[in-house]
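# Summary of the model geometry
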Amino acid sequence: MIEATIPLWAGIPACILLVLGGLLALTGSAGLLRFRSFYARIHAPTLGNTLGCGCVLAASILVFSALSARPVFHEVIITLLLVVSSPVTAMLLMRAATYRKRLTKADADLDAR
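Please read all numbers here as calculations on a predicted model, not as lab measurements.

The UniProt feature table records "transmembrane region" (unreviewed entry) at residues 6–26, 47–67 and 73–93. Secondary structure across residues 47–67 divides into 100% helix and 0% strand, with the first and last C-alpha atoms of the span separated by 30 Å. Split by type, residues 73–93 is 95% helix and 0% strand. Its first and last C-alpha atoms lie 31 Å apart.

Between two cysteines, a covalent bond joining their sulfur atoms is known as a disulfide. In total, this model carries zero disulfides according to the counting rule given. Of all cysteine sulfurs in the structure, the one in cysteine 53 sits closest to cysteine 55, which takes part in no disulfide; the separation is 9.4 Å.

Let's shift gears to the environment of leucine 80. Mapped onto the elements of the fold, leucine 80 is located in helix H3 (residues 74–112). Measuring from C-alpha to C-alpha, the distance between leucine 80 and leucine 93 comes to 20 Å, with 13 residues separating the pair along the chain.

As a further point, take the confidence of the model for the chain. The predicted model of the chain has a mean per-residue pLDDT of 83, with 90% of residues at 70 or higher. Per-residue pLDDT, averaged within each element of the chain, yields its smallest value for H3 (79) and its largest for helix H1 (residues 8–34) (89).

Right, let's talk about a nonpolar patch on the surface for a bit. There is a patch of nonpolar side chains on the surface, built from Val84, Val88, Met91 and Leu92 and spanning about 350 Å² of accessible area. Position of methionine 91 relative to the elements: it lies in helix H3.

With 31 residues, helix H2 (residues 38–68) ought to run about 45 Å at 1.5 Å a step, and its terminal C-alpha atoms sit 44 Å apart, in line with that. Phi turns positive, to about 60°, at alanine 69, one or two residues after H2.

Parameters at a glance
Residues numbered from 1 in each chain as written. Predicted model: local features only at pLDDT ≥ 70, side-chain atom pairs only at ≥ 80, totals over all residues. Heavy atoms only, no water. UniProt positions renumbered as here; feature names shortened; annotations may be inferred. Helix = DSSP H or I, 4+ residues; strand = E, 2+ residues; numbered from the N terminus. Disulfide = S-S within 2.5 Å. pLDDT = per-residue confidence, 0-100. Patch = residues over 30% accessible without salt bridge, like charges linked within 9 Å, V, L, I, M, F, W, Y side chains within 5 Å. Areas by Shrake-Rupley, 256 points an atom, 1.4 Å probe, with all protein chains shown as cover. Salt bridge = Lys/Arg side-chain N within 4 Å of Asp/Glu carboxyl O. Expected span 1.5 Å × (residues − 1).

Right, dumping it as C-alpha cells:
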C-alpha cells in the first residue's frame, strides 16, 4: 500500500467540501421522500444531488492535485457531464409527466362523453 500524507491546506477544505456535499445530497434525498407531487419531487434531488456531487468532485480535485503536486482535472469532465445531464434529464422527465397527464385527462374526457 502506498502511504501518502495529504497536506493540511488541502485536507481541511476537502473535509469541509465532503461534509457539505454529503449534507446537500442528503437534503436532496430527503426532499424526494418529503414532497407529495412529482414536480416538487423532481426539483429537490436535481438541485441537491447536483450540488452535493459538485462538492465531492471539488474535494477530489483538491486532494489529488495536492498529492500529485500538479493540477488534476479528470474530475472536471465528470462535473461537466453531471452539470449538463442532470437538468436535461429532469426537464425530460417533467415533459414526459406533463404529456402523460395530458393524455390521461383526454382519456377521462372521452370516457365521460
